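One-letter residues, chain by chain:
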Amino acid sequence: MTADTTEPEEYTADPAERRREQRGWYFYDFACSVYSTSVLTVFLGPYLTSVARAAADAEGFVHPLGVPVRAGSLFAYAVSASIVVAVLVMPLVGAVADRTGRKKPLLAASAYLGAAATAGMFFLAGERYLLGAFLLIVANASLSVSMVLYNAYLPQIAEPDERDAVSSRGWAFGYTSGALVLVLNLVLYSGHDSFGLTEGEAVRICLASAGVWWGAFTLVPLRRLRDRRTRPEGSERSGEGAVGSGWSQLRATLKDMRRHPLTLSFLLAYLIYNDGVQTVISQASIYGSEELGLDQTTLITAVLLVQVLAVAGALGMGRLARSYGAKRTILGSLAVWTLILAAGYFLPAGSPVFFFFLAAAIGLVLGGSQALSRSLFSHLVPRGKEAEYFSAYEMSDRGLSWLGPLVFGLAYQLTGSYRDAIISLVIFFAVGFTLLARVPVRRAVEAAGNPIPERI
């Protein structure tokens, strides 16, 4: 994300070397996606909540730093705090990477910090809820920072007409590893007695193994990716200058976006409805375990169902977009998300079959709504400014999704009901739907100076 006139980084010209780097690049998604699925989506929410409840007072509150927090809200608050930390750090790390051209050491540092924090969750036992919240904040923020660096390699390792395919393969690698590790987790968790483990020990092993997996497979991209110098020698700045320029670059990008208000309008709509999507995904396991009384095996199976159907859903929604346009298809998916929340509110407790139907619906719209949002945004980016605009998009995707978990946590804090907390998220899809519906995408594409597709 730069505001000067230095030469952009070029992709690797040699096809064999480019394919080698691409294969290495895929493996970072393969490495880190297990954190998102096994840790954030399945195990940590219910387990950290149980640890907090063990430490809670008679009224069900814990007191981190002297602040009364309902034990059931701790996980949501920690997720929200981690994203705030990521927002503060991402522009600074991005600036250092831009100024020095050394993304790989920064990728290694953020990846292994996150992997170490995740592996450290093995020690989350007894009443150590503060340790759990701290490790969650470190791991989640590290993942967000590492993904900015990971995505910044794409223009270097793929020609323009390759990037859609390369990006999709990385996404597929991530879902594949998430499903594979979840199967292994399911075997360990469901058979913990036969392995001589308690339920809590099995969960802690599943959490820690995600960190080990993350760290081990990160070695592949670190061996195959290479750094490029992005500025002539002598123009590099110190780390302090890079840090200062990070915010300057972000401000410059946002200022330039004001010249393209329709693009900015889409980004605002995406920020809001994606916040709802991310919150549903991160809080679904708590809702299933705490409100619906479902066991961990059911939750793991549901997430596996989401993983498998997300691929099919993305392909299916891609076909719908070819017929009806990306905007209409995304709007349809947001309507489905709203129906999912309404169905979740009325879902009877202790009914895994209905929960599986809900998981299937989530899977069918999850991958497609995110993939089509990214492709639609690509049409609204002015030519020559793809990198800086997609940096802002990445911050919207991973860095600004803090309000949803905060609303979810506050709703539970005030009402003591996860049903009220889950239905409160409807506001994100309703507002996002309204804002997106008001964006004239054909005019936005034209204003950005891009050719207008037949269907959009």
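Everything quoted here is computed from the prediction, not taken from an experiment.

S.K.: Residues and numbers for the overall build of the chain, please.
M.R.: Check the secondary structure of the chain and you find 17 helices and two strands. Within the span of the chain, comprising 456 residues, buried residues form 53% of the whole. In the chain, once contacts between residues fewer than 6 apart in sequence are set aside, the share between residues at least 24 apart is 84%. Total accessible area computed for the chain in this model is approximately 19,200 Å², and 63% of it derives from carbon and sulfur atoms.

S.K.: Can you lay out the packing of helix α10 (residues 296-324) against helix α12 (residues 352-379) for me, pointing to particular residues and giving the numbers?
M.R.: One can describe the packing of α10 onto α12 by two numbers: an axis separation of 6 Å at closest approach and a directional angle of 40°. In terms of orientation, α10 lies oblique with respect to α12. Regarding α10 and α12, the two cross each other, and that crossing is right-handed. Among the residues making up the contact of α10 with α12, the classes are represented as 19 nonpolar, eight polar and no charged.

S.K.: Tell me about the packing of aromatic side chains, and please be specific about residues and values.
M.R.: Under the defined criterion, the tally for this structure stands at 19 aromatic pairs. Taking the centre distance of 5.5 Å and the plane angle of 80° together, the rings of Phe27 and Phe173 count as edge-to-face. In this pair, Phe27 sits in helix α1 (residues 15-55) while Phe173 sits in helix α6 (residues 163-190), placing the two residues 146 residues apart along the sequence. Between Tyr345 and Phe346, the ring centres sit 5.0 Å apart and the planes meet at 85°, which makes this aromatic pair edge-to-face. A relative accessible area of 27% means that Tyr345 is categorised as partly exposed.

S.K.: So, helix α9 (residues 261-291): which residues are in play, and what are the values?
M.R.: Between its first and last C-alpha atoms α9 spans 42 Å; for 31 residues at 1.5 Å apiece the expected length is 45 Å, and the two agree. Of all the bends found along α9, the most pronounced is centred on Gln283 and spans about 45°. Gly293 lies just past α9 and shows a positive phi near 70°.

S.K.: Please set out the environment of Ala312 residue by residue, giving values where relevant.
M.R.: Here Ala312 lies in helix α10. The class of Ala312 is partly exposed, set by a relative accessible area of 41%.

S.K.: Break down a nonpolar patch on the surface for me, with residues and values.
M.R.: Nonpolar side chains collect at one region of the surface, where Val84, Val85, Leu88, Val89, Trp402 and Leu403 lie side by side and expose about 440 Å² of accessible area between them. The element that contributes the greatest number of residues to the nonpolar patch is helix α2 (residues 74-100), accounting for four residues. Structurally, Trp402 can be placed in the loop between α13 (386-399) and α14 (403-415).

S.K.: Outline the nonpolar core, listing residues and values.
M.R.: One recurring pattern in soluble globular proteins: nonpolar side chains tend to sit buried together. In terms of nonpolar packing, the biggest core is built from 130 residues, with Trp25, Tyr28, Leu44, Leu136, Trp214, Phe266 and Trp337 touching the most fellow members. Looking at which element gives the most residues to this core, the answer is α1, with 17 residues. Those residues in contact with Leu44, other than ones at most four positions away along the chain, are Val39, Thr49, Phe75, Met121, Leu124, Leu136 and Leu207.

S.K.: Explain the packing of α1 against α10 to me, and be specific about the residues and the numbers.
M.R.: Orientation of α1 relative to α10, taken along the N-to-C sense of each, is 155°, at an axis distance of 11 Å. Relative to α10, α1 is oriented roughly antiparallel. For the element pair α1 and α10, the recorded crossing hand is right-handed. Judged by residue contacts, Thr37, Thr41, Val42, Phe43 and Pro46 of α1 engage Gln296, Leu299, Ile300, Val303 and Gln307 from α10. A class-by-class count of the residues in the contact of α1 with α10 yields six nonpolar, four polar and no charged.

S.K.: Let's hear about a positive patch on the surface: which residues, and what values?
M.R.: A grouping of Arg19, Arg20, Arg23 and Arg223 is seen on the molecular surface, where their side chains present a positively charged patch. With respect to the element layout, Arg19 can be found in helix α1.

S.K.: Go over the environment of Arg226, please, and point to the residues and values.
M.R.: Structurally, the position occupied by Arg226 is in the loop between α7 (199-224) and α8 (239-257). Sequence separation between Arg226 and Glu21 is 205 residues; the distance between their C-alpha atoms is 8.0 Å.

S.K.: Describe unusual backbone geometry, with residues and values.
M.R.: The phi angle at Leu65 is positive, at roughly 55°, despite the residue not being glycine. Inspection of the secondary structure puts Leu65 in the loop between β1 (61-62) and β2 (69-70). The class of Leu65 is exposed, set by a relative accessible area of 87%.

S.K.: Give a description of the pattern of salt bridges that names residues and reports values.
M.R.: What the rule picks out here adds up to three salt bridges. Note that Arg419 and Glu291 form a salt bridge whose closest N and O atoms lie 3.3 Å from each other. In this pair, Arg419 sits in helix α15 (residues 418-423) while Glu291 sits in helix α9, placing the two residues 128 residues apart along the sequence. Residue class for Glu291 comes out partly exposed when judged on its relative accessible area of 22%.

S.K.: Give a description of the confidence of the model for the chain that names residues and reports values.
M.R.: Regions with low pLDDT should not have their predicted coordinates read in detail. Per-residue confidence for the chain gives a mean pLDDT of 83; residues scoring 70 or more make up 86%. Of all the helices and strands in the chain, α8 carries the lowest mean pLDDT, 60, while α7 carries the highest, 96. Here residues 1-9 is modelled with pLDDT under 50, and outside its nearest four sequence neighbours on either side it reaches 21 contacts, counting other chains as well. Confidence drops under pLDDT 50 across residues 231-243; counting only partners more than four residues distant or on other chains, this segment forms 16 contacts.

S.K.: Would you mind going over the side chain of Ser333 in detail, with residue names and values included?
M.R.: Along the chain, Ser333 turns up in helix α11 (residues 326-346). Here Ser333 is in contact with Met317, Val365 and Ser369, once residues within four sequence places are set aside.

Definitions and cut-offs
- In this numbering scheme, every chain counts its residues from 1 along its sequence in written order.
- With the structure being a predicted model, the display of local features is reserved for residues of pLDDT at least 70 and the display and counting of side-chain atom pairs for 80 or more, all residues being used for whole-chain, interface and lining totals.
- Side-chain calculation: all heavy atoms of the structure are included, whereas hydrogens and water are not.
- For helices the rule is a DSSP run of H or I covering at least 4 residues; for strands it is a run of E covering at least 2, with both sets numbered from the N terminus onward.
- Exposure categories follow from relative accessible area, calculated using a 1.4 Å probe and restricted to protein chains: below 20% of the type maximum is buried, above 50% is exposed, and the middle band is partly exposed.
- Whether two residues are in contact is decided by their heavy atoms, any of which lying within 4.5 Å being enough.
- Only the protein chains shown count as cover for residues, and all accessible areas are computed by the Shrake-Rupley method using a 1.4 Å probe.
- A fitted line through C-alpha atoms represents every axis, and for helices the fit uses only the stretch in contact; the resulting angles, taken between N-to-C directions, go from 0 to 180 degrees.
- When an angle is under 35 degrees it counts as roughly parallel; over 145 it counts as roughly antiparallel; between 65 and 115 it counts as roughly perpendicular; any other value is oblique.
- It is the rotation of the near helix from the far one that decides the hand of a crossing: anticlockwise by less than a right angle makes it left-handed, clockwise makes it right-handed.
- Ten residues, namely Ala, Val, Leu, Ile, Met, Phe, Trp, Tyr, Cys and Pro, are considered nonpolar, four, namely Asp, Glu, Lys and Arg, are considered charged, and the remaining ones, Gly among them, are considered polar.
- Aromatic rings from Phe, Tyr and Trp, with only the six-membered ring used for Trp, were paired whenever their centres fell within 6.5 Å, and each pair was classed as stacked if the ring planes differed by under 30 degrees, edge-to-face if by over 60, and tilted otherwise.
- By this rule the span expected of a helix is its residue count minus one, scaled by 1.5 Å.
- The angle between axes fitted to the seven residues ending at a residue and the seven residues starting there is what we call the bend at that residue.
- Two joining distances apply to patches: 9 Å for like charges and 5 Å for nonpolar side chains (Val, Leu, Ile, Met, Phe, Trp, Tyr), and every residue must have over 30% relative accessible area and no salt bridge.
- The term salt bridge refers to a pairing of a side-chain nitrogen on Lys or Arg with a carboxyl oxygen on Asp or Glu at a separation within 4 Å.
- Each nonpolar core is a collection of buried residues, namely Ala, Val, Leu, Ile, Met, Phe, Trp, Tyr and Cys, held together in the definition by side-chain atoms within 4.5 Å.
- In this tally, Asp and Glu contribute negative charge and Lys and Arg positive charge; neither His nor the terminal groups of the chain are included.
- Each charge is placed at NZ for Lys, CZ for Arg, CG for Asp and CD for Glu.
- What pLDDT reports is the predictor's confidence in each residue, on a scale of 0 through 100.

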